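# Geometric and topological summary
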Amino acid sequence: MTAQSIAEPTSTTRGQYLRGCTYVILAGVILSLGVFCIRNATASSAWQYIFWRAAGFTTALVILAAVRDARNPLRQLVGLGPMAWIACVCMATSQVTFVYSIKAATFAEVFLICSLAPLMVAALAWPLLRERMGWITAVAIILALAGVVVMTGGELQSQNAIGQLIALLSAFAFAGYTLCTRGSKPQDLDAALIGVGILTAIAGYVAMHFAELPLMASLVPGATAFRHGALILAAGLFLFGQGSRYIPAVTFTLLAQAEAVLSPVWGYLFFAETPTSATIGGGALILSAVVIQALAGGATQRPVSQP
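As the structure is a prediction and not an experimental result, all values here were calculated from the model.

### Focus: the packing of aromatic side chains
Per the counting criterion, the structure on display carries 4 aromatic pairs. Between F36 and F270, the ring centres sit 5.2 Å apart and the planes meet at 75°, which makes this aromatic pair edge-to-face. Of this pair, F36 sits in helix α3 (residues 34–39) while F270 sits in helix α14 (residues 258–270), and the two are 234 residues apart along the sequence. Residue class for F36 comes out partly exposed when judged on its relative accessible area of 22%. Look at F51 and Y205: their rings are 6.2 Å apart centre to centre, the planes differ by 45°, and that puts the pair in the tilted class. In this pair, F51 is assigned in helix α4 (residues 46–69) and Y205 in helix α11 (residues 186–211), connecting sequence segments 154 residues apart. By relative accessible area, which is 47% here, Y205 ends up partly exposed. Each residue in the set F51, W52 and Y205 is aromatic and connected to the rest through ring pairs, giving one cluster. One residue, R19, lies across the ring of Y246, its end atom 5.5 Å from the ring centre.

### Points about unusual backbone geometry
With a phi close to 55°, E212 is a non-glycine residue in the positive phi region. Among the structural elements, E212 can be located in the loop between α11 and α12 (219–243). By relative accessible area, which is 73% here, E212 ends up exposed.

### Observations regarding the side chain of Q48
Relative to the helices and strands, Q48 is located in helix α4. We classify Q48 as buried; its relative accessible area is 4%. A polar atom in the side chain of Q48 sits 2.9 Å from the backbone nitrogen of S45. Excluding anything up to four places from it in sequence, Q48 contacts A43, M208, L213, P214, L215, M216 and A217.

### Comments concerning the confidence of the model for the chain
The predicted model of the chain averages 78 in pLDDT, with 84% of residues at 70 or higher. For the chain, the element scoring lowest by mean pLDDT is helix α1 (residues 3–6), at 32; helix α2 (residues 14–32) scores highest, at 90. A low-confidence stretch, residues 1–9 stays under pLDDT 50, and its non-local contacts, those more than four residues away or across chains, total 12 contacts. The model gives residues 301–307 a pLDDT under 50, and that stretch makes 10 contacts with residues more than four places away or in other chains.

### What about α2?
The end-to-end C-alpha separation of α2 is 27 Å, in line with the 27 Å expected for 19 residues at 1.5 Å each. Within the span of α2, buried status applies to Y17, G20, C21, V24, A27, G28, I30, L31 and S32.

### Quick word on the environment of G56
Mapped onto the fold, G56 is located in helix α4. Each C-alpha atom, one on G56 and one on L233, is 8.8 Å from the other, the two residues being 177 residues apart in sequence. Beyond its immediate sequence surroundings of up to four residues, G56 is in contact with F226, G229 and A230.

### Side note on a nonpolar patch on the surface
On the surface, L74, I198, I202, Y205, V206, F210 and L215 cluster together into a nonpolar patch covering about 690 Å² of accessible area. Per-element accounting of the nonpolar patch gives the leading share, 5 residues, to α11.

### So, the environment of R227
You can see R227 is positioned in helix α12. Along the chain, R227 and G56 lie 171 residues apart, while their C-alpha atoms are 6.2 Å from each other.

### A look at the packing of α2 against α12
For the pair α2 and α12, the least separation of the axes is 8 Å and the interaxial angle reads 160°. On the basis of their axis angle, the class for α2 and α12 is roughly antiparallel. Of the two possible hands of crossing, α2 and α12 adopt the one that is left-handed. Taken together, the residues of α12 that come into contact with α2 (itself represented by G20, Y23, V24, L26, A27, G28, I30 and L31) are I232, L233, A235, G236, L239, F240, Q242 and G243. Along the lines of polarity and charge, the residues of the contact of α2 with α12 split into 11 nonpolar, 5 polar and no charged.

### Some words on helix α9 (residues 135–152)
For α9, spanning 18 residues, the distance from its first C-alpha to its last is 26 Å, which sits close to the expected 26 Å at 1.5 Å a residue. All of the buried residues in α9 are T137, A140, I141, A144, L145, G147, V148, M151 and T152. When α9 is viewed along its axis, its buried side chains cluster within an angular range of 150° and face the same direction. Relative to its buried face, α9 has exposed residues pointing more than 90 degrees away, namely W135 and I142. Positive phi shows up at G153, right after α9, with a value of about 80°.

Conventions we followed
- Residues numbered from 1 in each chain as written.
- Predicted model: local features only at pLDDT ≥ 70, side-chain atom pairs only at ≥ 80, totals over all residues.
- Heavy atoms only, no water.
- Phe/Tyr/Trp six-rings, centres within 6.5 Å; stacked < 30°, edge-to-face > 60°.
- Helix = DSSP H or I, 4+ residues; strand = E, 2+ residues; numbered from the N terminus.
- Buried < 20%, exposed > 50% of the residue type's maximum accessible area, 1.4 Å probe, protein only.
- Lys NZ or Arg CZ within 6 Å of the ring centre and 35° of its normal.
- Polar contact = N/O pair within 3.5 Å; in protein donor to acceptor, adjacent residues only side chain to side chain.
- Contact = heavy atoms within 4.5 Å.
- pLDDT = per-residue confidence, 0-100.
- Expected span 1.5 Å × (residues − 1).
- Patch = residues over 30% accessible without salt bridge, like charges linked within 9 Å, V, L, I, M, F, W, Y side chains within 5 Å.
- Areas by Shrake-Rupley, 256 points an atom, 1.4 Å probe, with all protein chains shown as cover.
- Salt bridge = Lys/Arg side-chain N within 4 Å of Asp/Glu carboxyl O.
- Axes fitted to C-alpha atoms, helices over the stretch in contact; angles between N-to-C directions.
- Parallel < 35°, antiparallel > 145°, perpendicular 65-115°, else oblique.
- Left-handed = near helix turned anticlockwise from the far one by under 90°.
- Nonpolar A, V, L, I, M, F, W, Y, C, P; charged D, E, K, R; others polar.
- Arc of directions from axis to C-beta.

Structure (structure tokens):
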């Protein structure tokens, strides 16, 4: 498959670029609110939560597609292009493997390894999408990685090798999703999210079956997970899809880390979790990287010539 078959080069105005950055940052803010739902659904296993969150997410997007496009969303799925289907598989894989890696390794390990996604995108964006990585982007990526190292203490324990490998797969899958959204048709992006929800729900159901878990631990945590998917996850990923139309893949992945920056803030404000100095310092570095990349990228965008 050639680079031309993956994506046609497009130009964006400065306003479109900044709009795309705003969409992605806002998506991160919305997705960070999911911590409130997760904290209130402790009775659910990870797979039960994934299933009902995916069910809520899929339901919300099917209703949105039916109302906005006035057509059967299942027909939209059938008509998805190859790159959109690959994007569905990548995002579903990233969500499932992230949860599994949390079970098999420490949070510090998973967070550090998943932060490699921007580097993976940068390595693949040039041969696949012809997007060159400038020195400012390279500095921003290094700064973001330094922030993650500060936050986690750079912990990687060899006895958790399986969890580390699964986390690496999660990061790679998210990088793949980022690149595939750039190569998908704009009209495919919204329908592709429905595909993500269906694939994730199937994965959660199959895992529950083999683990011999009931479909729902109880009504309250199940409803909480459903609400998480229908409101928070649906809105966040929808905005991710909108933003990806206007910004390069590396920028997208960097800005998506806004969720990781805000999560400790909600913990401090609402759950009496006092962040350590390492968390504050690392979060500041990551936020700096996000701002530097967004402003530098916006300054280099050239307006599209008007016909």
